[in-house]
Amino acid sequence: METLLDVGNVTRSFGGLRALDGCSFALRQGQVTCLVGPNGAGKTTVFDCITGFLKPDAGSIRLSGEPIAGLHRRDIVRRGIARSFQNLRLFEEMTVIDNVIVCLADETGNDPITAILRPFHSQAVLKRKTEQARAILETVGLLAKADHLVTAISFGQQKLLCIARVLATDAELLLLDEPTSGLGATALDTMVALIRRLSGLGKTLLVVEHNTRIVRDIADQVVFMHQGRVLAAGDPGDVLERRDLAEIYFGGGH
Ligand SMILES: Nc1ncnc2c1ncn2[C@@H]1O[C@H](COP(=O)(O)OP(=O)(O)OP(=O)(O)O)[C@@H](O)[C@H]1O
C-alpha cells in the first residue's frame with residue numbers, strides 16, 4: 001500500500017522543552033493508525049504540526065511526496081487533511097446541519113455580492129450544500145437531528161457531529177483527537193463502527209486513542225510515542241504486547 005503521509009525527523013520545541021524530538025512515522029493510504037503514548041508524549045503537537053497549527057523547527061512532513069510543513073492551515077485542508085479536536089469546537093448556537101454546511105468546501109460565486117447579483121445561483125448552491133450536508137449526517141447517523149441546536153443533542157452525538165464536520169471538508173486524511181473519550185458504551189460502539197466505515201470508504205485515519213481495547217479494534221498500525229519520539233510503530237498486537245512500552249504507558253499516568 002502506498003504511503004500517504006510521511007513524517008520525517010520532526011522536531012518542535014517550546015522554550016527549552018522538546019515536545020517533538022526527531023519524530024518519524026508513515027501512514028499508508030486507507031489504513032487506520034492509532035497514535036498512543038502517555039500524557040505529554042507529543043501526540044497533539046504531532047497533530048498541530050501536520051495540520052499547520054504549528055511549524056516544525058526541523059524535519060519534513062510530506063503528503064503524497066509533497067512537502068507541507070509550514071504551509072498555512074487553510075492550504076493544508078485544501079490539500080486534503082482535516083482534523084477534529086479534543087475540545088469539540090462546535091458552533092453551539094447553530095443547528096446540527098449548519099455546523100456541517102459551514103465546513104463544506106467553498107464554491108466560487110457564493111459570496112454576499114453574488115448573492116445579491118445572482119440570487120438564483122446562490123439559492124442553488126445552498127440547496128446543493130444542504131443535500132451534501134444531509135448525506136454526511138446520514139453517514140454519521142445524525143440525519144434525524146439535522147435541525148436540532150447543538151446544545152440539544154447528547155455529548156456522544158456532538159462527537160459524531162465533529163466527525164461529520166471533518167468529512168465535510170472532503171479530506172482524504174482524517175486526524176481524530178480522542179474521538180471516543182467521554183463516551184458511554186452505546187455511543188462508543190457507534191463511534192468505533194463509524195471509524196471502521198470511514199476506513200472502508202477509503203479514508204486514511206490517524207487517531208489518538210487511549211483505550212487499548214479500542215486500539216486493537218480499529219488499528220491497522222500503532223505508533224507509540226514517548227517524550228517526543230516514536231519508540232515503536234507496527235502491527236497493533238506486536239506493539240501493545242511489548243512490556244517495556246506498557247510500563248512507560250501505564251507508568252505515565254494512564
Ligand atoms: N503551547 C505549548 N507551550 C508550551 N509547552 C507545550 C505547548 N504545547 C505542548 N507543550 C508541551 O509539549 C509536550 C507535549 O505535549 P502534547 O500536548 O503534544 O502531548 P500529548 O501526547 O498530546 O499529551 P496528552 O495525552 O496529555 O494530550 C508536553 O510536555 C506539553 O506540556
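Further up the page is the structure itself.
Just so we're clear, the structure is a prediction, and the values are computed from it rather than from any experiment.

> Could you clarify how one ought to interpret the packing of helix 6 (residues 155–168) against helix 7 (residues 185–200) in this entry?
Angle between the axes and distance between the axes are the two parameters that describe a pair of packed helices. Closest axis-to-axis distance for the helix 6/helix 7 pair is 10 Å, and the angle between their directions is 15 degrees. In terms of orientation, helix 6 lies roughly parallel with respect to helix 7. Between helix 6 and helix 7 the crossing geometry is right-handed. In contact with Gly156, Lys159, Leu160 and Ile163 of helix 6, helix 7 contributes Ala187, Thr190, Met191 and Leu194. Counted by class, the contact of helix 6 with helix 7 contains five nonpolar, two polar and one charged residues.

> In this structure, what is going on with the packing of helix 5 (residues 119–139) against helix 6? I would like to understand it.
Where helix 5 meets helix 6, the axes come as close as 9 Å, and the angle between the chain directions of the two elements is 135 degrees. The angle between helix 5 and helix 6 places the two elements in the oblique class. Handedness of the helix 5/helix 6 crossing: right-handed. In contact with Ala133, Ile136, Leu137 and Thr139 of helix 5, helix 6 contributes Ala164, Leu167 and Ala168.

> What am I meant to see in the sheet that holds strand 5 (residues 66–67) here?
Neighbouring strands of a sheet are bound in pairs by backbone hydrogen bonds; such pairs are parallel or else antiparallel. Strand order in the open sheet formed by four strands is 2-1-4-5, and the pairing between neighbours is antiparallel. In this open sheet, the two strands that pair with only one neighbour each are strand 2 (17–28) and strand 5. The sheet contact formed by strand 1 (residues 3–14) and strand 4 (residues 58–63) spans five bridges and is antiparallel. From the neighbouring strand, Asp6 faces strand 4, where its bridge partner is Arg62. Each of strand 1, strand 2 and strand 4 is contacted by helix 1 (residues 43–50), which is oriented at about 65 degrees to strand 2, the strand it contacts most.

Reading the values: rules and limits
- Residues numbered from 1 in each chain as written.
- Predicted model: local features only at pLDDT ≥ 70, side-chain atom pairs only at ≥ 80, totals over all residues.
- Axes fitted to C-alpha atoms, helices over the stretch in contact; angles between N-to-C directions.
- Helix = DSSP H or I, 4+ residues; strand = E, 2+ residues; numbered from the N terminus.
- Parallel < 35°, antiparallel > 145°, perpendicular 65-115°, else oblique.
- Left-handed = near helix turned anticlockwise from the far one by under 90°.
- Contact = placed C-beta atoms within 7 Å.
- Nonpolar A, V, L, I, M, F, W, Y, C, P; charged D, E, K, R; others polar.
- Pairing = 2+ DSSP bridges.

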